[in-house]
Amino acid sequence: MLLAPTPETAEFISGTYVFDTVRVVPVDVGVADGTWTVTAGPLDLRFTTGRRRLAGYLLCAVPGALARRPAWSALTDRPARLLLPGVRTRGSAGAGRREWYGARDLRAIRAVSAFFEGADLGAAAPVEPPVRFGFGSVPRKPGVTRVSTTVVLGSE
């Protein structure tokens, strides 16, 4: 399910990936003292991040201009696949689009509470099965990754 803040955002993202449902809803994100709050229509999410570990420090050392370059994503794709099964940094997206991800930070999630339409979504758990949109998945352990994403539109 995609919860998007505007019709334009919903159109662009759903033109790149396939979702069972797309909803345009108010979205609000806040961060204070390592605690994130996200409200998006029927979703209420609150989580706390842990300390940055070695991978997070290494990713923070990558300048933004470098992280956005397709060549950097190509260089980091194989190590990402080996270290985080299912994760890819480049690939083919929907509608003939090509996409590159440049990770810039990574932190584990220490605690989380999430509700969807008032129902408690339970404790954090490994991401299984892998997500079904895009060309890759996400790490199995819940975390927050800062990512620079580049999408090149194909001939539609």
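### Focus on the pattern of salt bridges
Here comes step 1: Enumeration over the complete set of coordinates arrives at three salt bridges.
Here comes step 2: The salt bridge partner of Arg-23 is Glu-117, with a shortest N-O separation of 3.5 Å. In this pair, Arg-23 is assigned in strand E2 (residues 22-24) and Glu-117 in the loop between strand E7 (98-116) and strand E8 (119-120), connecting sequence segments 94 residues apart.
Here comes step 3: For Arg-23, a relative accessible area of 27% translates into the label partly exposed.
Here comes step 4: For Arg-81, the salt bridge is made with Asp-77, and the minimal N-O distance between the two is 2.8 Å. Of this pair, Arg-81 and Asp-77 both sit in helix H4 (residues 70-83), four residues apart, which is roughly one turn of that helix.
Here comes step 5: The exposure class assigned to Arg-81 is partly exposed, which follows from its relative accessible area of 38%.
Here comes step 6: The class for Asp-77 is buried, based on a relative accessible area of 4%.

### A short note on unusual backbone geometry
Here comes step 1: Residue Asp-33 is not a glycine yet carries a positive backbone phi of 55°.
Here comes step 2: Secondary-structure assignment places Asp-33 in the loop between strand E3 (27-32) and strand E4 (35-40).
Here comes step 3: You will see that Glu-117, though not glycine, has its phi angle at about 50°, which is positive.

### Concerning the pairing of strand E5 (residues 43-52)
Here comes step 1: Bridge count between E4 and E5: six bridges; the pairing is antiparallel. Bridged to Val-38 within E5 is Leu-45.
Here comes step 2: Taking the residues that link successive antiparallel strands as the turn, the E4-E5 hairpin has two residues, and the phi of Gly-41 there is positive, at about 55°.
Here comes step 3: In this sheet, E7 lies alongside E5 in antiparallel orientation, the contact comprising eight bridges.

### Structural notes on the packing of aromatic side chains
Here comes step 1: Scanning all chains against the criterion turns up two aromatic pairs.
Here comes step 2: Where Tyr-17 meets Phe-19, the ring centres are 6.4 Å apart and the plane angle is 85°; that geometry is what we call edge-to-face.
Here comes step 3: On the basis of relative accessibility, which here comes to 12%, the residue Tyr-17 falls in the buried class.
Here comes step 4: Judged by relative accessible area, Phe-19 falls into the buried class, the value being 18%.
Here comes step 5: On the basis of an interplanar angle of 15° and a centroid distance of 5.5 Å, the ring pair of Trp-36 and Phe-47 is categorised as stacked. With Trp-36 in strand E4 and Phe-47 in strand E5, this pair connects stretches of sequence that are eleven residues apart.
Here comes step 6: The lysine or arginine in question, Arg-52, covers the ring of Tyr-57, its NZ or CZ lying 5.6 Å from the ring centre.
Here comes step 7: When the ring centre of Phe-12 is taken as reference, the NZ or CZ atom of Arg-97 above it lies at 4.9 Å.

Conventions we followed
Residues numbered from 1 in each chain as written. Predicted model: local features only at pLDDT ≥ 70, side-chain atom pairs only at ≥ 80, totals over all residues. Heavy atoms only, no water. Salt bridge = Lys/Arg side-chain N within 4 Å of Asp/Glu carboxyl O. Helix = DSSP H or I, 4+ residues; strand = E, 2+ residues; numbered from the N terminus. Buried < 20%, exposed > 50% of the residue type's maximum accessible area, 1.4 Å probe, protein only. Pairing = 2+ DSSP bridges. Phe/Tyr/Trp six-rings, centres within 6.5 Å; stacked < 30°, edge-to-face > 60°. Lys NZ or Arg CZ within 6 Å of the ring centre and 35° of its normal.

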